Every structure is written in C-alpha cells, then in structure tokens.
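# Inside the fold
Residues per chain are reported as follows:
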Amino acid sequence: MSDHSTDLAHNIRKAAAQLGFAAIGFSAPLPQTLAILRATAMVHEHRNGEMHYLESRMEERADPSLLLPGLRTIISTVISYNYPLKRQAGLPKISKYAIIDDYHTVVRSKLEELLAEIEILVAEPLHARITVDSSPLLEKNWAEEAGIGKTGKNTLLKVPSAGSYLFLGEILLDREIPSSKFTLPNYCGSCGDCLTHCPTGALVEAGKIDASKCISYLTIELKREFTAEEAAMIGDWMFGCDLCQEVCPYNQQTSITANKAFKVREELVNISMERVLNLTKSGFRELFYGTPIFRIGLRRLKRNARAVENNMKKSGTI
Ligand code: SF4
Ligand code: SF4
C-alpha cells in the first residue's frame, strides 16, 4: 500500500473525528460467509418475526459490490447518542434513541459532510453510496471487519470508550483505502447480565436473538395489533427497549458521549400516557415529527400506549 493511501486513511480519520464520529474503519468487500450463514439462520429459524424484508436481497448482503459497481472499500462509522436520561417512575418508557432527532437524517447528513471531505482529499471524481439502515448491508459485520468494535452477547455492537448507544452508518466507495482490521478482544467474558435481565427471553443464547420476542421489535416493527401475549410482553415500554444496554457494564464506563447534533426533545422525556392516548393526528405530528417515533404513526403508538396502560394497571404501577 502506498504512503499516499495510508495518508488518505489518516486524513479521513481526522476529518471523521472533527465531525464527531465516535469511530471509523475501512474494510475491503471480501466475502463474509459466516455473517451470511448467521443472517440466513435467523430467517430459517423464524427469529425474524414478521420482518420479511430480512428474507430478501440475501445476494446483496453477501456481495455489497452489487450495491455499488466498482466497490473497493466499505467505510464503517459509528456516532454516539449516549446522553444522561432520568426517567420518572409510573410513566411509559421510550427508548433513549427515540427521544432525539431521527438518526437516519442526522447520521446521513454527517456522512454527506464526511464524503465531501473525502472528495477534497482524493481530488478526483468518486463513486460513492451512503447508507444509514437503508440498504441490505450487514452493518455490524462490516464494523467488526473494520476493527471498530465487537458484537456483544446482547447482539449489539460495542465500541471501546463508546459502549453501545451508537448509530451505524457506511460509505461505499470505489476507491481503495487500506483496511483497518485490528484484533479486538471479546468484551463480554463471563458476564451475562443482558441475558439475565431481558424480560421476555428474546436473547435465546449469547449473541442470538429471537426478534419476535423482543420488545423493540414488538413496539416498533410489528405492524398489526398485538395478541394478548404480545401486549403483556412489552411491560411499560411504549417505544423500543433499552434494558439489555442499561445493564451492560460497558455503558457505565464510556468517555465518548452523544454527538452534539442530537438534541434531546425534553417534552418527550417524561410524556404521560394520557397525553399520548388523547393525541390527534396534528398533535402527533407536532410532537413527534423528526423523531424515529414519527415513523410508526399514531395508530401504532396508541396501540403500544394502550398495552402499556393495561400492564401498568395490572402491576399496580399506576
Ligand atoms: S431490547 Fe429488551 S426485549 Fe429486546 S433483547 Fe434487549 S432487553 Fe430483551
Ligand atoms: S451485559 Fe455483559 S454479556 Fe451482555 S453485552 Fe454487556 S458485557 Fe456482554
């Protein structure tokens, strides 16, 4: 690899740090047999619930060059949303990532800025594609390949100094950048706190999730009405679930905190059930537009709120 390529990698890292990315790494788009086997096993074992989109486009997952002709490098990045959050007891819970601006927008705009910097550094025309949860790409796998972090027993990527309150985003590039693979240790060791604290048994074994039992899936991805069993499973979580991150010791010792671009929507931090259940369409738009919650729509949010209200009444919380 030429000095010029090494300098390029160094300068891209510098630009990423200035933009507030928590980590960045580069990998060559080589076949990822193990990751594909894991992705297909999830589908064959019906652990994807009703997320049928995970059953399609396996060819692109296996070969990301189908997403960008001439692909030479996958640039993996992570941005932290780790901010202090104090929840009031007796209120419906919202996952930390949803009380801030929608990551699809924020991370994409950060990656656009980074790509503009790369274009200046390279000083020649580039073909690139930015993806933020928007392409059939095995994001965690590529982040591991690039040496950014390791997937924990809770199936989430953990990054040194940044923990797991992170958003992933990638730039696919038709330019070779030296790959940055480091051997990272397995951070979990003998810990199993996430498996013990998952209230629904969704973490069926270390690093293996049954999405159909996961509160995040039930409250965000599932489109239909709940069965009685599903409604009971969500407990007091109205949107998402942070339990397997809250108990993770690696999130207690992070030095990297939320990127300044993420503004906390204070009015959502301790929102009451009554307010959600009485929302009109325009009230919903006013309150949630620009957050990930807006994506599920008012009908599904009220479905969640009704289930949480029943659960909290049954448990005597309200
Ligand atoms: S998000 Fe909640 S329900 Fe899903 S695996 Fe983690 S602890 Fe379990
Ligand atoms: S809680 Fe423990 S086992 Fe689970 S991801 Fe964190 S370190 Fe790993």
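Structure: above.
A brief structural summary. Only a predicted model underlies this, so the values are computations on that prediction, with no experimental measurement involved.

## Here we look at the overall build of the chain
For the chain, the count of helices and strands is 13 helices and 10 strands. Its C-alpha radius of gyration of 20 Å places the chain within 12% of the 20 Å reference for a compact globule of 318 residues. In terms of its C-alpha atoms, the chain occupies a principal-axis envelope of roughly 65 × 40 × 35 Å. Put simply, the chain has 318 residues, and 37% of those count as buried.

## With respect to the site of ligand 1
All residues adjacent to ligand 1 are N154, C198, T200, A202, L203, I209, C214, I215, S216, C241, L243 and C244. Of all the elements in the fold, those that place two or more residues in the shell around ligand 1 are α7 (215–221) and α9 (243–246). Residue composition of the shell around ligand 1, grouped by class: nine nonpolar, three polar and no charged.

## Comments concerning the pairing of strand β1 (residues 23–27)
Along β1, five of the five residues are buried, which leaves the element largely enclosed by surrounding structure. Burial along β1 is two-sided: A23, G25 and S27 facing one way and I24 and F26 facing the other are all buried. Both β1 and strand β2 (residues 73–80) contribute to a ladder of five bridges, which runs antiparallel. Residue pairing in the sheet places S27 in a bridge with I74 of β2.

## Description of unusual backbone geometry
One non-glycine residue, H46, adopts positive backbone phi at about 55 degrees. Topologically, H46 is positioned in the loop between α2 (33–44) and α3 (58–62). Looking at H46, the number of C-beta atoms within 10 Å reads 10, which means it is exposed. For T155, which is not a glycine, the phi torsion comes out positive at approximately 70 degrees. In this fold, T155 is placed in the loop between β5 (150–151) and β6 (157–158). The class for T155 is partly exposed, based on 18 C-beta atoms found within 10 Å.

## Looking at the environment of E59
Within the element layout of this structure, E59 appears in helix α3. A C-alpha to C-alpha distance of 25 Å links E59 and L126, two positions 67 residues apart in sequence.

## Points about the sheet that holds strand β7 (residues 166–173)
Pairing is antiparallel across the open sheet formed by four strands, whose spatial order is β1-β2-β7-β4. Taken across any chain shown, the strands that pair with only one partner, and hence form the sheet edges, are β1 and β4 (128–131). In this sheet, adjacent strand axes meet at a mean angle of 15 degrees when their direction is disregarded. Note that β2 and β7 share eight bridges and pair antiparallel.

## Observations regarding the packing of helix α1 (residues 3–18) against helix α4 (residues 103–122)
At a minimum axis separation of 10 Å, α1 and α4 run at an interaxial angle of 150 degrees. Looking at the two axes, α1 sits roughly antiparallel to α4. When you trace α1 past α4, the crossing you get is right-handed. Between α1 and α4, the contacting residues are L8, N11, I12, A15 and A16 on the first element and L114, E117, I118, L121 and V122 on the second. Grouping the amino acids of the contact of α1 with α4 by side-chain chemistry returns eight nonpolar, one polar and one charged.

The rules behind each value
Residues numbered from 1 in each chain as written. Chains lettered and ligands numbered in written order. Predicted model: local features only at pLDDT ≥ 70, side-chain atom pairs only at ≥ 80, totals over all residues. Helix = DSSP H or I, 4+ residues; strand = E, 2+ residues; numbered from the N terminus. Rg over C-alpha atoms; globule rule 2.2 N^0.38 Å. Buried ≥ 20, exposed ≤ 12 C-beta atoms within 10 Å, placed from the backbone. Near = placed C-beta within 6 Å. Nonpolar A, V, L, I, M, F, W, Y, C, P; charged D, E, K, R; others polar. Pairing = 2+ DSSP bridges. Axes fitted to C-alpha atoms, helices over the stretch in contact; angles between N-to-C directions. Parallel < 35°, antiparallel > 145°, perpendicular 65-115°, else oblique. Left-handed = near helix turned anticlockwise from the far one by under 90°. Contact = placed C-beta atoms within 7 Å.

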